[in-house]
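Architecture at a glance
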Amino acid sequence: MLLAVVSWLCTSLLVSVRGAKLPETEVKIEVLHRPFLCHRKSKYGDILLVHHEGYFQNGTLFHSSYTEGDKQAVWFTLGIREVIKGWDKGLQDMCSGEKRRLTVPPALAYGKEGRGKIPPESTLTFVIEVMEIRNGPRSHESFQEMDLNDDWKLSKQEVKEYLRKEFERHGYPPNDTHHESMVEDIFVKEDENKDGFISSREFTYKHDEL
């Protein structure tokens with residue numbers, strides 16, 4: 001089972017070009033509609049239900065969940081590469097009922113290879129409406145799998161080791177720099193009492209229900 005901690009990947013990598021460091025290509029985000037009341041915002045690890053339309057740069061529609069297939073909105077977990085990187089980046093901090101236009105560069109879409117009707121090196125535009133947001137599946141079982149020394153708290157090294165194993169299990173090469181950056185971000189968000197560990201309560205308290 002793909003455990004939700006992988007969905008914490010939320011930091012942008014820096015790449016080195018001739019000794020200089022440049023930020024990774026970003027997604028252009030335009031908010032088309034945001035509801036007046038917003039009870040929660042999406043974050044990595046949440047499960048989103050979305051309707052979407054995809055367009056080429058010339059404005060041609062290449063896909064619509066409103067009219068194609070079973071015409072149903074689709075569920076996915078944000079941040080674990082179930083969708084293209086541009087969606088993982090561009091659908092954070094959204095409200096249920098919010099609609100955005102994402103302009104996604106090739107590096108965060110289908111890259112040099114393309115896919116199906118998507119040509120290589122395509123910049124794509126998506127209009128995406130979030131219909132529903134649910135908590136992702138964090139469980140005591142996944143906590144125990146990460147807690148290598150059974151002390152009921154997670155150290156940074158334990159989280160880093162878990163991320164490394166999960167990346168390898170799903171076919172992604174390990175990247176220590178990326179993992180360390182991810183771990184730091186995880187602890188900023190999850191270590192509520194700032195004691196340097198993530199307790200079982202901190203890990204599961206807000207996430208027991210889907």
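Starting afresh in each chain, residues are numbered from 1 along the sequence in its written order. Only residues with pLDDT of at least 70 get local features here, since the model is predicted, and only at 80 or more are side-chain atom pairs given and counted; chain-wide, interface and lining totals rely on the full set of residues. Think of the side-chain values as coming from all heavy atoms in the structure, minus any hydrogens and water.

The definition used for a disulfide is geometric: two cysteine sulfur atoms within 2.5 Å. The full count for this structure, using the stated rule, is one disulfide. Residue pairing for Cys38: its cysteine sulfur links by disulfide to Cys95, the two sulfurs lying 2.1 Å apart. Because the torsion about its S-S bond is -100 degrees, the bridge between Cys38 and Cys95 counts as left-handed. Linking Cys38 in the loop between strand 3 (28–33) and strand 4 (47–55) with Cys95 in the loop between helix 1 (85–90) and strand 7 (99–104), this pair joins segments that are 57 residues apart in sequence. Each helix is a run of DSSP H or I of at least 4 residues and each strand a run of E of at least 2, with the numbering of both proceeding from the N terminus.

The subject of this paragraph is the environment of Gly196. Inspection of the secondary structure puts Gly196 in the loop between helix 4 (176–190) and strand 10 (198–199). Taking the C-alpha atoms as reference points, Gly196 and Leu154, separated by 42 residues in sequence, lie 8.7 Å from one another. Residue contacts are defined here by distance: any two heavy atoms, one from each residue, within 4.5 Å place the two residues in contact. Gly196 has contacts with Leu154, Phe187 and Asp191, leaving out every residue within four places of it along the chain.

A few words on the packing of helix 3 (residues 156–169) against helix 4. Helix 4 packs onto helix 3 with a crossing angle of 130 degrees between their chain directions and a minimal axis gap of 9 Å. When the axes of helix 3 and helix 4 are compared, the pair comes out oblique. The handedness of the crossing between helix 3 and helix 4 is right-handed. Residues Lys156, Val159, Lys160, Leu163, Arg164 and Phe167 of helix 3 lie in contact with helix 4, whose contacting residues are Asp176, His178, His179, Glu180, Met182, Val183, Glu184, Ile186 and Phe187. Polar here means any residue outside two lists: the nonpolar Ala, Val, Leu, Ile, Met, Phe, Trp, Tyr, Cys and Pro, and the charged Asp, Glu, Lys and Arg; Gly therefore counts as polar. By residue class, the composition of the contact of helix 3 with helix 4 is seven nonpolar, two polar and six charged. Only the contacting stretch of a helix is used when fitting its axis, a line to C-alpha atoms as for every element, and angles between N-to-C directions run 0 to 180 degrees. Note that the term roughly parallel is reserved for angles under 35 degrees, roughly antiparallel for angles over 145, roughly perpendicular for angles of 65 to 115, and oblique for everything else. Crossings are assigned a handedness: left-handed for a near helix turned anticlockwise from the far helix by less than a right angle, right-handed for a clockwise turn.

This part is about the packing of aromatic side chains. Pairs were defined over the aromatic rings of Phe, Tyr and Trp, the Trp ring being its six-membered one, requiring ring centres within 6.5 Å. Orientation was assigned from the angle between planes: stacked under 30 degrees, edge-to-face over 60, tilted for the rest. Counted by the stated rule, this structure contains four aromatic pairs. Their ring planes at 40 degrees and their centres at 4.8 Å tell us that Phe56 and Phe62 sit as a pair that is tilted. For the pair Trp87 and Phe126, a centre-to-centre distance of 5.5 Å together with 90 degrees between the ring planes defines the contact as edge-to-face. Placement of Trp87 in helix 1 and of Phe126 in strand 8 (residues 124–134) is noted, with a sequence separation of 39 residues between them. As far as burial versus exposure is concerned, Trp87 and Phe126 are alike and both buried. Between Lys153 and the ring centre of Phe197, over which it is positioned, the NZ or CZ distance is 4.2 Å. Residue placement shows Lys156 over the ring face of Phe187; its charged tip is 5.6 Å from the ring centre. Burial classes follow relative accessibility: with a 1.4 Å probe on protein chains only, a residue under 20% of its type's maximum area counts as buried, one over 50% as exposed, and anything between as partly exposed. Whether a charge sits over a ring comes down to the Lys NZ or Arg CZ being within 6 Å of the ring centre and within 35 degrees of the ring normal.

Spatial relationships are all this shows, so hold off on functional conclusions.
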